[in-house]
Amino acid sequence: MTTETKKFNERLGGHLTELLECAGISGKLATPRLLYGLTAEFPCVAVVGLGESAEQTVDDAENVHQGRENVRHAVASGVTALRDVQCSHVTVEPTEHAEASAEGAHLALWSYDELKAEADRQRPVQLSCAGGDSELWRRGALKASGQNLARTLMEAPANYLTPTLFSLSRRPCLRCRWEVVVRDEAWIRQRGMGAFLSVSRGSAEPPRFLELSYSGAGAGAAPLAVVGKGVTFDSGGISLKPAKNMDTMRADMGGAACTVGVLYAAAQLGLAANLRAFIPLCENMPGSRATKPGDVVTAMNGKTVQVDNTDAEGRLILADALCYAQECRPRAMLNMATLTGAISVALGSAAVGVFTNSTAAWHQLRAAGTNTGDRVWRMPLWKHYTKSMKECRLADLNNIGSATGGGACTAAAFLQEFVAEDLPWLHVDIAGTMENTTDVPYLSKGMSGRPTRTVLEFAEAICQQGSR
Ligand code: BES
Ligand code: MG
Ligand code: ZN
């Protein structure tokens with residue numbers, strides 16, 4: 001029994017234990033039972049088991065802190081059960097992991113229904129923590145709100161969130177202590193971002209390059225650069241995608257959305273970190289000016305790329321964004337991108353794929369993923385794959401590999417061509433975790449906002465070290 005449950009039991013004259021026994025309520029994980037009329041203060045109480053491993057710490061084989069993960073799951077099932085019976089205020093137990101409890105509660109209640117009739121929307125629920133909102137509870141709530149912001153941006157229809165609207169939507173966040181700069185097409189051209197521009201050419205919507213910066217660690221400390229793929233709709237371009245599920249390509253700005261989520265949560269938490277975000281935004285469309293298979297474009301660092309498949313567009317816009325991001329002299333650089341269907345073949349939705357030139361940075365990201373339950377898995381960044389990208393008839397690089405297979409790895413090898421060798425860099429392929437069906441029990445169905453919380457923890461950890 002957790003501390004708050006014990007207190008509650010005392011207030012009921014010790015009858016709660018009996019009651020649970022009578023009702024046959026066990027500690028089984030996340031099966032809520034609703035009890036009515038116990039006290040005037042709490043007319044409806046959801047009792048949820050934390051499972052056998054509530055006190056368990058890290059499960060090495062599973063790379064997850066099982067105790068925390070169980071709390072997220074259990075709390076999520078409790079608050080959704082209460083919402084479903086029309087409760088508008090829910091007081092949640094902090095349990096032994098108050099941060100995870102707040103995460104589970106806030107993540108579970110997210111829904112995107114603002115474009116539906118009032119009657120069809122989920123009712124709002126006010127959450128508070130039993131015994132008062134502690135610092136840990138607040139931290140969990142803010143981390144979840146960063147992820148929820150990413151989910152909302154990802155789920156939004158592409159006609160409601162064009163590159164221009166995405167860039168403008170970041171401005172009004174006055175409570176966020178961040179600076180916002182929106183670059184237009186002329187600036188992008190002037191900076192020589194030919195790879196990025198080649199993707200936006202097929203669309204009537206102009207591209208934007210969004211920069212956010214949050215300084216929580218004083219002017220002297222080198223920042224962490226976070227780069228996010230912001231393709232607000234990916235039709236595939238001239239190499240058009242099949243119609244089935246093409247609508248989900250509104251979330252091809254998931255990297256951008258998670259990047260914004262990380263900075264938002266960092267700013268709200270007042271994290272002692274300097275973060276710089278670089279977000280190329282465009283549509284990939286097959287208009288009459290669109291890039292054609294076989295066209296050659298020049299990236300910001302002067303490398304030429306033969307575009308044999310216009311659907312491999314993410315790496316093109318990231319190539320220029322990575323080049324530019326390095327100008328801020330970061331201590332490390334991390335990019336997130338819904339880059340390849342192949343990463344989902346490799347890992348499914350269990351974890352995002354991480355390609356990195358730094359084992360130290362990898363260990364930090366892995367530890368963060370174990371804590372948050374939003375896991376990461378390391379993938380190879382070998383010359384084998386680079387070779388496949390360099391076999392090219394007309395240019396320095398081709399945008400698709402010459403060999404079949406290893407699609408996520410060849411994409412990563414392509415990106416590596418635009419990053420300085422001595423800069424700790426991590427490429428995070430988030431295509432496999434873009435959407436949640438029922439895999440993560442505390443996330444409702446829809447775009448997932450993964451791995452916002454993991455990258456936030458990573459940012460905190462890496463910025464605690466001295467400057468490189
Ligand atoms: N945005 C897609 C990748 C994607 C696929 C994200 C499924 C989320 C779910 C990316 O731009 C793409 O089209 N990649 C191609 C690359 C290929 C042409 C080399 C792919 O994965 O098929
Ligand atoms: Mg594509
Ligand atoms: Zn894409």
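### With respect to the overall build of the protein chain
Scanning the protein chain for helices and strands turns up 15 helices and 20 strands. Counting only C-alpha atoms, the protein chain reaches 80 × 50 × 45 Å along its principal axes. Sorting the 468 residues of the protein chain into buried and exposed places 57% on the buried side. Surface exposure of the protein chain reaches about 19,700 Å², of which carbon and sulfur atoms provide 51%. Side-chain charges of the protein chain comprise 46 positive and 49 negative groups, with the mean position of each set lying 5 Å from the other.

### A short note on the side chain of Ser198
One can find Ser198 in helix H8 (residues 194-200). From its side chain, Ser198 meets the backbone oxygen of Ala195 in a polar contact 2.7 Å long. If we ignore the near neighbours within four places in the chain, the residues touching Ser198 are Thr291, Val297 and Leu316.

### Concerning the domain arrangement of the protein chain
Each assigned domain of the protein chain is listed with its residue range as follows: domain 1 (3-133) and domain 2 (148-462). Here domain 1 and domain 2 have C-alpha centroids that lie 35 Å from each other. Listed per partner, the contact involves 19 residues of domain 1 and 23 residues of domain 2. Buried area between domain 1 and domain 2, summed over both chains or domains, comes out near 1,900 Å², and the portion from carbon and sulfur atoms is 54%. A per-residue breakdown of the area domain 1 buries against domain 2 is headed by Asn63, Leu107 and Trp110, which together make up 40% of the total. If you look at where domain 1 meets domain 2, you find 2 salt bridges.

### A closer look at the coordination of the zinc ion (ligand 3)
Coordination of the zinc ion (ligand 3) by the protein is provided by Lys229 (NZ), Asp234 (OD), Asp252 (OD) and Glu313 (OE), with metal-donor distances spanning 2.0 to 2.4 Å. One can describe the site at the zinc ion (ligand 3) as octahedral: its 6 donor atoms subtend angles covering 78 to 176° at the metal. Sequence positions of the residues that donate to the zinc ion (ligand 3) give the spacing K-x4-D-x17-D-x60-E. Separating the zinc ion (ligand 3) from the magnesium ion (ligand 2) is a distance of 3.2 Å, and Asp234 supplies a donor atom to each of them. Here Glu313 lies in the loop between strand S13 (304-307) and helix H10 (314-325) and Lys229 lies in the loop between strand S9 (224-228) and strand S10 (230-234), a separation of 84 residues in the sequence.

### Describing the coordination of the magnesium ion (ligand 2)
Each protein donor to the magnesium ion (ligand 2) is listed here as Asp234 (OD), Asp311 (O), Asp311 (OD) and Glu313 (OE); together their distances run 2.0 to 2.2 Å. Viewed at the metal, the 6 donor atoms of the magnesium ion (ligand 2) are separated by angles of 72 to 168°, and the geometry they form is irregular. When the donor residues of the magnesium ion (ligand 2) are listed from N- to C-terminus, their spacing reads D-x76-D-x1-E. Residue Asp234 is classed as buried on the basis of its relative accessible area of 3%. Assessed through its relative accessible area of 23%, Asp311 is described here as partly exposed.

### Focus on the packing of aromatic side chains
Tallied over the entire structure, the rule returns 7 aromatic pairs. Between the aromatic rings of Trp187 and Tyr324, the centroid separation amounts to 5.1 Å while the plane-to-plane angle is 85°, which identifies the pairing as edge-to-face. Pair noted here: Trp187 is in helix H7 (residues 185-190) and Tyr324 is in helix H10, with a separation of 137 residues, a long-range link. Both residues of the pair, Trp187 and Tyr324, count as buried. Arranged with centres 5.4 Å apart and planes meeting at 90°, the rings of Phe209 and Tyr324 form a pair that is edge-to-face. A residue pair is termed long-range when its members are at least 10 positions apart, and Phe209 in strand S8 (residues 208-215) and Tyr324 in helix H10 qualify at 115 residues. Per residue, the accessibility class of Phe209 equals that of Tyr324, and both read buried. One aromatic cluster in this structure is built from Trp187, Phe196, Phe209, Phe278 and Tyr324.

### Looking at the packing of helix H5 (residues 135-155) against helix H15 (residues 452-464)
If you want to describe how two helices pack, look at the angle between their axes and the distance between the axes. Orientation of H5 relative to H15, taken along the N-to-C sense of each, is 125°, at an axis distance of 9 Å. The angle between H5 and H15 falls in the class oblique. Our pair here, H5 against H15, has a crossing hand that is right-handed. Residue-level inspection shows Arg139, Lys143, Ala144, Gly146, Gln147 and Ala150 of H5 in contact with H15, the latter providing Thr452, Arg453, Leu456, Glu457 and Glu460. Its residues assigned to classes, the contact of H5 with H15 shows 3 nonpolar, 3 polar and 5 charged.

### Observations regarding the site of ligand 1
Among the 16 residues in the neighbourhood of ligand 1, the closest are listed as Lys241, Asp252, Asp311, Glu313 and Gly341. A distance of 3.3 Å is found between an oxygen atom of ligand 1 and a side-chain nitrogen or oxygen belonging to Lys229. Protein chains bury 75% of the 520 Å² of accessible surface belonging to ligand 1 in isolation. Grouping the amino acids of the shell around ligand 1 by side-chain chemistry returns 5 nonpolar, 4 polar and 7 charged.

### Quick notes on the sheet that holds strand S17 (residues 397-398)
With mixed pairing, 3 strands are arranged side by side in an open sheet as S12-S13-S17. Both edges of this open sheet fall to strand S12 (295-298) and S17, since each of them pairs with a single strand only.

### Notes on helix H9 (residues 254-269)
For H9, which comprises 16 residues, the first-to-last C-alpha distance of 22 Å matches the rise-based estimate of 22 Å (1.5 Å per residue) to within 8%. With 16 of 16 residues buried, H9 lies mostly within the body of the structure. Gly270 occupies a position one or two residues after H9 and carries a positive phi of about 65°.

Rules used in this analysis
Residues numbered from 1 in each chain as written. Chains lettered and ligands numbered in written order. Predicted model: local features only at pLDDT ≥ 70, side-chain atom pairs only at ≥ 80, totals over all residues. Heavy atoms only, no water. Helix = DSSP H or I, 4+ residues; strand = E, 2+ residues; numbered from the N terminus. Buried < 20%, exposed > 50% of the residue type's maximum accessible area, 1.4 Å probe, protein only. Areas by Shrake-Rupley, 256 points an atom, 1.4 Å probe, with all protein chains shown as cover. Lys, Arg positive; Asp, Glu negative; His and termini not counted. Charge placed at Lys NZ, Arg CZ, Asp CG, Glu CD. Polar contact = N/O pair within 3.5 Å; in protein donor to acceptor, adjacent residues only side chain to side chain. Contact = heavy atoms within 4.5 Å. Domains from an automatic or database assignment. Buried area = accessible area lost by both parts, 1.4 Å probe. Salt bridge = Lys/Arg side-chain N within 4 Å of Asp/Glu carboxyl O. Donors = N, O, S within 2.8 Å, 3.2 Å for Na, K, Ca; no water. Tetrahedral: all angles 85-135°; square planar, octahedral: opposite > 155°, others 65-115°. Phe/Tyr/Trp six-rings, centres within 6.5 Å; stacked < 30°, edge-to-face > 60°. Axes fitted to C-alpha atoms, helices over the stretch in contact; angles between N-to-C directions. Parallel < 35°, antiparallel > 145°, perpendicular 65-115°, else oblique. Left-handed = near helix turned anticlockwise from the far one by under 90°. Nonpolar A, V, L, I, M, F, W, Y, C, P; charged D, E, K, R; others polar. Near = heavy atom within 4 Å. Pairing = 2+ DSSP bridges. Expected span 1.5 Å × (residues − 1).

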